[in-house]
Amino acid sequence: MKPEAEIRRALREWVVSHGRGVTEKTLSDETPLLERRVITSLQIMDLILLVEELSGKRIDVQQLKPGVFHNINAIMLRFFGEMN
Amino acid sequence: MTDKFKGTVQRLCEASRKQFANPYDTIEWPDKVDPDAWYMSPELISLYGGEAFAALSEPARKRLSFFETVNFFSLNIHGEKPLVEGLARRLYTSDIPEVSQYLHHFLDEENKHMVYFGGFCQRYANKVYADKKLVFPREYAAGEEELLFFAKVMIFEEIVDVYNLRMAEDERLAPIARRINLLHHRDEARHLVFGREVVARLSGRYLPEWSEATRQGVREYLAQYLTATWKEYYNPDAYQDAGLPNVYALQRSAWDAPQAQAHRLAVSQPCLNFLRKHHLLVDGKGI
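Residues numbered from 1 in each chain as written. Chains lettered and ligands numbered in written order. Predicted model: local features only at pLDDT ≥ 70, side-chain atom pairs only at ≥ 80, totals over all residues. Heavy atoms only, no water.

### Thoughts on the overall build of chain A
Selection rule: Numbering of helices and strands runs from the N terminus, with a helix taken as a DSSP run of H or I at least four residues long and a strand as a DSSP run of E at least two residues long. What the globule rule says is 2.2 Å times the number of residues to the power 0.38, and the radius of gyration is computed from C-alpha atoms.
Looking only at helices and strands, chain A features three helices and zero strands. Listed N to C, the secondary structure of chain A is α-α-α in terms of helices and strands. In terms of overall size, chain A behaves like a compact globule, its C-alpha atoms giving a radius of gyration of 12 Å where 84 residues would be expected to give roughly 12 Å. If one aligns the C-alpha atoms of chain A with their principal axes, the spans along those axes are about 30 × 25 × 20 Å.

What follows is the structure, encoded as C-alpha cells:
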C-alpha cells in the first residue's frame, strides 16, 4: 500500500479536480464533502474506484455506513484505518 | 394534453398485452458459453478504438466482450431494481387511471428483464458485478423527486436501448446475447415512449413553479446522472476478469479517450436533445 501522505494527497487532488467550490488551499482533510456539496452522491462511485485503487481492496458498497465519505479524515479512517 | 397522454398510455397497454411473454420459455439457454463467440459488438466495447484494445488478440477481445456483456447486464439489473421500487410506489397515485394500468405492465416487464439478465450472469459468469452507486436521502421541492425519477429512468433506458438494438441486429454475436438484447429492446421501445411523455408532462408542470436555484439544481443533477450512468460501462472488475492489467488506469484512459467521448456523445444525442428541448440540461454538460 502507498504511504499515508501519498494517499491523502491523491484524495485531495481528486476532490479538488472533481468537486465544486474548493481549491488546494481551501480544502482541508476536515472539509465536509457531502454536506457542503463539494461532491455529490453521484460522484461517490468514482471516488470508490479511487479508494479501491489506492487500498488495493474491493469495496462492498452495501456494507458502507453513512458518514464514511464525510471528509478525507473519515475516508482515511474507514478504508486505510490500519495506518492511523 | 391529458387526452393525448391517455391515448398513448392505452396504446402502450394494448401493445404490452399483445407481446406478453413468459420469461421461462422465451429463451433457450445453452449449457455453456462459446469462447469463440462475440457477446458484445466490438464497436460497443468500452476499450474499442484505444491502444489497449488494439493490442489484444481476437480471442482476448472475445473474452473481453463476454465480461463487458456481463457488466452490461449487471448494470441493467442495478438500474432496474430501483426502477421497480419506484414504479411500485407510484401505483395508484396518478390522477389518470390508465397510468396505473401501464405501470403494472412496466413492472412486469422490468422484472422479466432482470430474469433474463440475471440468468445470463449467474449461469455463465457465476456473478453479477456489484453496484457501486450510493443514494443519500435529501429534501426535494414539490414535484422534484417525481421528475428526477422519471428523467433518470429515461436517460438510463435510452442509452441501454441503443446498445440493445445494435446487438440484437449484430449477426456476429452469440445467439443468446442477441436474443436477450432483442427481448429487452422490444419492451424498452414502449417504456421509452412512456418515459418521454411523463418527463415532458412533469417538466412542463413543475419547471415554471420552481425557483431558479431548484431548476439549476435539477439540471446539474441530471448532467451528473448522465455521467455516472456512462461511467458504469467502464468497469475495472470486468477488465480484471478479462485478464487485463492495471485495470484502474485502464478505466481512466478508456473514459478519457477522444473516441470514447465521441461514442458517448453520439449514443446520447437523442436523449440530450430531448432534455435540452425541455430545459432539463445545461448546454455542454453531461458527457
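### Regarding the overall build of chain B
Spelled out, the test is: For every accessible area listed, the method is Shrake-Rupley and the probe measures 1.4 Å; residues are considered covered only by the protein chains on display. Residues counted as positive are Lys and Arg, residues counted as negative are Asp and Glu, and His and the chain ends are not counted. The location of each charge is read from NZ of Lys, CZ of Arg, CG of Asp or CD of Glu.
Secondary structure assignment for chain B yields ten helices and zero strands. The order of α-helices and β-strands along chain B, N terminus first, is α-α-α-α-α-α-α-α-α-α. Compactness check: chain B gives a C-alpha radius of gyration of 19 Å against a globular reference of 19 Å for 287 residues, within 12% of the reference. When its C-alpha atoms are laid out on the principal axes, chain B stretches across 55 × 45 × 30 Å. Summing over all exposed atoms, chain B offers an accessible surface of approximately 13,200 Å²; the carbon and sulfur share of this is 52%. Side chains of chain B carry 36 positive and 40 negative charges; the gap between the two charge centres is 2 Å.

### Overview of the interface of chain A and chain B
Counted only if it meets this: In what follows, a contact means two residues having at least one pair of non-hydrogen atoms within 4.5 Å. Throughout, the accessible surface (probe 1.4 Å) given up by two parts as they are put together, summed over both, is called the buried area. We define a salt bridge as a contact between a side-chain nitrogen of Lys or Arg and a carboxyl oxygen of Asp or Glu at a distance within 4 Å. Counted as a polar contact is a pair of N or O atoms within 3.5 Å, where, for protein atoms, one must be capable of donating a hydrogen and the other of accepting one, and residues adjacent in sequence contribute only when both atoms are in side chains. Each residue is assigned to one of three groups, with Ala, Val, Leu, Ile, Met, Phe, Trp, Tyr, Cys and Pro labelled nonpolar, Asp, Glu, Lys and Arg labelled charged, and all others, Gly among them, labelled polar.
Facing 19 residues of chain A, the contacting portion of chain B comprises 19 residues. Summing both partners gives a buried area of about 1,800 Å² for chain A against chain B, and 58% of it is carried by carbon and sulfur. Of all residues in chain A, Leu42, Met45 and Arg58 of chain A give up the largest surface area on contact with chain B, accounting jointly for 37% of the area buried on that side. One can count five salt bridges joining chain A with chain B. Taking the shortest distance from any N to any O, the salt bridge between Arg58 of chain A and Asp237 of chain B comes out at 2.5 Å. At the junction of chain A and chain B, the tally comes to nine residue pairs in polar contact (both at pLDDT 80 or more). Among the residues making up the side of chain A that touches chain B, the classes are represented as ten nonpolar, four polar and five charged.

### Examining unusual backbone geometry
Residue and element names in this part refer to chain B. As a reminder of what qualifies: Only protein chains enter the accessibility calculation, which uses a 1.4 Å probe; a residue whose area is less than 20% of its type maximum is buried, one above 50% is exposed, and one in between is partly exposed.
Backbone geometry at Asn126 places phi at a positive 60 degrees, although glycine is not the residue there. The phi torsion at His279 lies on the positive side, around 60 degrees, for a residue other than glycine. For His279, the location among the structural elements is in the segment after helix H10 (258-277). Owing to a relative accessible area of 51%, His279 belongs among the exposed residues under this scheme.

### Some details on H10 of chain B
Helical geometry note: an α-helix holds 3.6 residues per turn, so side chains three or four residues apart project in the same direction. All names here are of chain B. Put simply, the test is: One less than the residue count of a helix, multiplied by 1.5 Å, gives the span that helix is expected to have. At every residue, the bend is computed as the angle between two fitted axes, covering the seven residues ending there and the seven beginning there respectively.
For H10, with 20 residues, the first-to-last C-alpha span of 26 Å sits near the 28 Å given by 1.5 Å per residue. Of all the bends found along H10, the most pronounced is centred on Gln269 and spans about 60 degrees, while Pro270, a proline, follows it within four residues. Taken together, the buried positions of H10 are occupied by Ala260, His263, Arg264, Val267, Ser268, Cys271, Leu272, Phe274 and Leu275. In the core, the buried residues of H10 are packed alongside helix H5 (144-168), helix H6 (175-206), helix H7 (212-231) and helix H9 (247-256).

### What about the packing of aromatic side chains?
All names here are of chain B. The condition that has to hold: Paired rings are identified among Phe, Tyr and Trp, the last through its six-membered ring, by centres lying within 6.5 Å, and are further divided according to the angle between planes into stacked (under 30 degrees), edge-to-face (over 60) and tilted (the rest). Over a ring means this: the NZ of a Lys or the CZ of an Arg is within 6 Å of the ring centre and within 35 degrees of the ring normal.
The full count for this structure, using the stated rule, is 24 aromatic pairs over all chains. Judged by centre distance (5.3 Å) and plane angle (80 degrees), the rings of Tyr234 and Trp255 are edge-to-face. Here Tyr234 is found in the loop between H7 and helix H8 (236-241), whereas its partner Trp255 is found in helix H9, with 21 residues between them in sequence. An aromatic cluster of three or more residues is present, and its members are Trp29, Tyr39, Phe66, Phe67, Phe72, Phe73, Phe117, Phe120, Tyr124, Tyr163, Trp230 and Tyr233. Against the face of Phe149 rests Arg90, its NZ or CZ located 3.9 Å from the ring centre.

### Remarks on the side chain of Glu98 of chain B
Inspection of the secondary structure assignment puts Glu98 of chain B in helix H4 (residues 97-125). For the buried Glu98 of chain B, no salt bridge exists, and the shortest N-O distance to an oppositely charged side chain is 4.3 Å, to Lys6 of chain B.

### Overview of the confidence of the model for chain B
Residues and elements named next belong to chain B. Where we set the bar: Note on scores: pLDDT gives the predictor's confidence for each residue, bounded by 0 and 100.
Per-residue pLDDT for chain B averages 93, and the proportion of residues at 70 or more is 98%. Per-element confidence in chain B is highest for H8, whose mean pLDDT is 98, and lowest for helix H1 (residues 2-18), whose mean pLDDT is 89. Interface predicted TM-score (ipTM) for the complex: 0.90; the corresponding pTM is 0.94.

### Observations regarding the environment of Gln62 of chain A
Secondary-structure assignment places Gln62 of chain A in the loop between helix H2 (44-55) and helix H3 (72-79). A sequence separation of 39 residues divides Gln62 of chain A from Thr23 of chain A, and the C-alpha atoms of the two residues are 31 Å apart.

### Quick notes on the environment of Leu226 of chain B
Residues and elements named next belong to chain B. Along the polypeptide, Leu226 turns up in helix H7. Taking relative accessible area as the criterion, Leu226 reaches 1% and is therefore assigned buried. Separated by 117 residues in sequence, Leu226 and Glu109 have C-alpha atoms that sit 24 Å apart.

### Considerations on the packing of helix H3 (residues 58-90) of chain B against H4 of chain B
Residues and elements named next belong to chain B. Note the cut-off: Note on definitions: angles span 0 to 180 degrees between N-to-C directions of axes, and those axes are lines fitted to C-alpha atoms, for helices only across the stretch in contact. Relative orientations are named as follows: roughly parallel for angles under 35 degrees, roughly antiparallel for angles over 145 degrees, roughly perpendicular for angles from 65 to 115 degrees, and oblique for any other angle. If you view the pair so one helix is near and one far, a crossing is left-handed when the near helix is turned anticlockwise from the far one by less than a right angle, and right-handed when it is turned clockwise.
At a closest axis distance of 9 Å, the pairing of H3 and H4 adopts a crossing angle of 150 degrees. In terms of their interaxial angle, H3 and H4 are classed as roughly antiparallel. Once H3 is placed against H4, the crossing between them reads as left-handed. Classifying every residue of the contact of H3 with H4 by side-chain character gives 17 nonpolar, five polar and four charged.

### Observations concerning the environment of Arg178 of chain B
Residues and elements named next belong to chain B. Among the secondary structure elements, Arg178 is positioned in helix H6. Counting along the chain gives eleven residues from Arg178 to Met167, while the straight-line C-alpha distance between them is 5.8 Å. With residues up to four places along the chain from it excluded, the contact list for Arg178 reads Met167, Ala168, Glu169, Asp170, Glu171 and Leu173. Only 3.0 Å separates the side chain of Arg178 from the backbone oxygen of Ala168, close enough to count as a polar contact.

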